[in-house]
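# Residue-level structure breakdown
Single-letter residue listing:
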Amino acid sequence: MRDAMCGEDAGSKRLAILAGAAFVAITTLQFVAARFSLREHLTAADIVGLRFAGAAIVFLPVLWKRGTGKLKALGWRKAGLLALLAGLPYPLIINQGLTLAPAAHAAALSPASIVFFSFLFSRIAFKETVSRARLIGIGAIIAGLVLFVFGAGIGASDTWRGDLLFAGSGIMFSAYAVLARLWSVDAVTATIAVVLLSCLPLPLLHALAPSGFRAASPAEIATQFVIQGFLAGAAAIVLYTYVVRRLGPQPASLFMPCIPVTTVLIGMVVLGEIPTQPQLAAIAVITFGMVFPIVREAQGLRRYR
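The model shown is predicted, which means the values in this text are computed figures rather than measured ones.

Looking only at helices and strands, one finds 14 helices and 0 strands in the chain. Its helices and strands taken in sequence order, the chain reads α-α-α-α-α-α-α-α-α-α-α-α-α-α from the N to the C terminus. Counting only residues that meet the buried cut, the chain has 45% of its 305 residues in that class. Within the chain, contacts between residues separated by at least 24 positions form 88% of all contacts whose residues are at least 6 apart in sequence. Carbon and sulfur atoms form 69% of the exposed surface of the chain, whose accessible area is close to 15,600 Å².

Structure follows, in structure tokens:
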């Protein structure tokens with residue numbers, strides 16, 4: 001019996017690790033695919049529309065099964081604020097940044113900004129105590145962000161403008177996460193609210209914003225619909241939730257620093273975007289800043305047990 005239980009636990013961990021790897025792959029694919037189409041035919045508004053239309057197709061049956069009770073309890077004001085922070089404006093800002101800066105910049109700066117501003121806002125909202133390891137990690141992230149910006153160069157290029165947009169998206173998502181925790185909103189309810197409210201202004205967005213749908217091939221549109229909508233907008237959320245449930249939040253967060261590394265590698269091959277040496281060093285520093293406190297805290301828990 002014990003051997004069977006151990007086997008089930010080992011099998012569950014293997015599935016969770018595979019789910020985490022799939023989450024990293026989807027997030028990497030999202031950045032690279034968006035950057036590719038933004039350099040070709042589609043606009044930031046096009047990709048955002050495909051993202052939320054695809055996600056809505058996935059989550060509408062979930063809403064039908066769960067009912068609207070939790071959405072009503074959340075209320076329009078709270079739901080609207082969550083959608084403003086993590087809904088349509090959030091990927092629109094990231095995709096606009098991808099028209100100005102390489103995919104590797106988005107993959108490095110967005111997660112790093114989320115980690116830093118989540119720390120800052122949580123300190124303000126919840127008065128959380130901060131371990132020495134986490135302070136070291138935050139310091140490394142700040143150093144990496146500064147090195148990354150200076151590595152891009154501030155001159156005639158618009159790359160730094162894209163970097164600022166990526167950092168801004170981190171501020172928005174961090175505020176969303178803190179408010180969701182402050183209001184005790186479960187992840188599925190928050191996601192459904194964000195997706196459905198983000199679909200409402202899509203017709204107006206495409207009436208006012210430039211579009212490249214006519215120039216793009218049906219294959220390109222369908223590919224982005226699947227990647228941005230089904231995969232990034234829906235499957236990635238389910239996969240990461242599964243990893244957190246099986247491994248715990250700390251081990252699950254170890255997958256996040258993999259995203260800059262994989263995006264740099266895939267971006268070099270697919271997009272031909274080669275980071276400078278200072279930028280590669282910055283990615284290494286940022287990755288250390290995200291991993292170090294998680295590893296140290298996990299070691300502390302093992303010693304405590």
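This paragraph deals with the pattern of salt bridges. On inspection of all chains with the given rule, the structure shows 4 salt bridges. In this structure, Asp186 and Arg66 form a salt bridge, with 3.5 Å as the shortest nitrogen-oxygen distance. With Asp186 in the loop between helix 8 (159-182) and helix 9 (187-199) and Arg66 in helix 2 (residues 44-66), the pair connects residues that are 120 residues apart, well separated along the chain. The class of Asp186 is partly exposed, set by a relative accessible area of 29%. Residue class for Arg66 comes out partly exposed when judged on its relative accessible area of 38%. Lys70 is the partner of Asp186 in a salt bridge, and the nearest nitrogen-oxygen pair spans 3.9 Å. Placement of the pair is Asp186 in the loop between helix 8 and helix 9 and Lys70 in helix 3 (residues 69-74), with a sequence separation of 116 residues. By sharing partners, the salt bridges in this structure join Arg35, Arg39 and Glu273 into a single network.

So, on to helix 13 (residues 258-270). Here helix 13 is 13 residues long and its end C-alpha atoms lie 18 Å apart, about the 18 Å a rise of 1.5 Å per residue gives. Listing the buried residues of helix 13 in full gives Ile259, Pro260, Thr263, Val264 and Gly267. Down the axis, helix 13 shows its buried residues gathered within 130° of arc, on one side only. Opposite the packed face of helix 13, turned more than 90 degrees from it, sit the exposed residues Leu265 and Val269. At the exit of helix 13 stands Gly272, carrying a positive phi of roughly 70°.

With respect to the secondary-structure elements, Gly54 resides in helix 2. Apart from the residues within four sequence positions on either side, Gly54 is in contact with Phe225, Gly229 and Phe230.

Let us now look at the nonpolar core. Among the nonpolar cores identified, the biggest contains 47 residues, and Phe31, Leu98 and Phe166 are the most heavily contacted of them. If one sorts the elements of this core by residue count, helix 6 (residues 103-126) sits on top with 11 residues. Residues within four places of Leu98 in sequence aside, it is in contact with Phe31, Ala34, Arg35, Leu38, Ala103, Ala106 and Phe166. By size, the runner-up hydrophobic cluster in this structure holds 13 residues, among which are Leu85, Ala86, Leu179 and Ala190.

Bringing the packing of aromatic side chains into the picture now. According to the stated counting rule, one finds 7 aromatic pairs in the structure shown. Seen in terms of ring centroids, Tyr90 and Phe173 are 5.5 Å apart; in terms of plane orientation they differ by 35°. Their pairing is tilted. Residue Tyr90 is found in helix 5 (residues 89-98), and its partner Phe173 is found in helix 8; the two are separated by 83 residues along the sequence. Taking the relative accessible area as the measure of exposure, Phe173 reaches 28% and is therefore partly exposed. An aromatic cluster is defined as three or more aromatic residues linked by ring pairs; in this entry it consists of Tyr90, Phe173 and Tyr176.

Looking at the secondary structure, you find Leu29 in helix 1 (residues 2-40). Leu29 sits in the partly exposed class, given a relative accessible area of 37%. On a C-alpha basis, the gap between Leu29 and Ile259 in space is 9.9 Å, while along the polypeptide they are 230 residues apart. Among all residues touching Leu29, those that are not within four sequence positions of it are Ala34, Ile227 and Leu231.

Definitions and cut-offs
- Residues numbered from 1 in each chain as written.
- Predicted model: local features only at pLDDT ≥ 70, side-chain atom pairs only at ≥ 80, totals over all residues.
- Heavy atoms only, no water.
- Helix = DSSP H or I, 4+ residues; strand = E, 2+ residues; numbered from the N terminus.
- Buried < 20%, exposed > 50% of the residue type's maximum accessible area, 1.4 Å probe, protein only.
- Contact = heavy atoms within 4.5 Å.
- Areas by Shrake-Rupley, 256 points an atom, 1.4 Å probe, with all protein chains shown as cover.
- Salt bridge = Lys/Arg side-chain N within 4 Å of Asp/Glu carboxyl O.
- Expected span 1.5 Å × (residues − 1).
- Arc of directions from axis to C-beta.
- Core = buried A, V, L, I, M, F, W, Y, C linked by side-chain atoms within 4.5 Å.
- Phe/Tyr/Trp six-rings, centres within 6.5 Å; stacked < 30°, edge-to-face > 60°.

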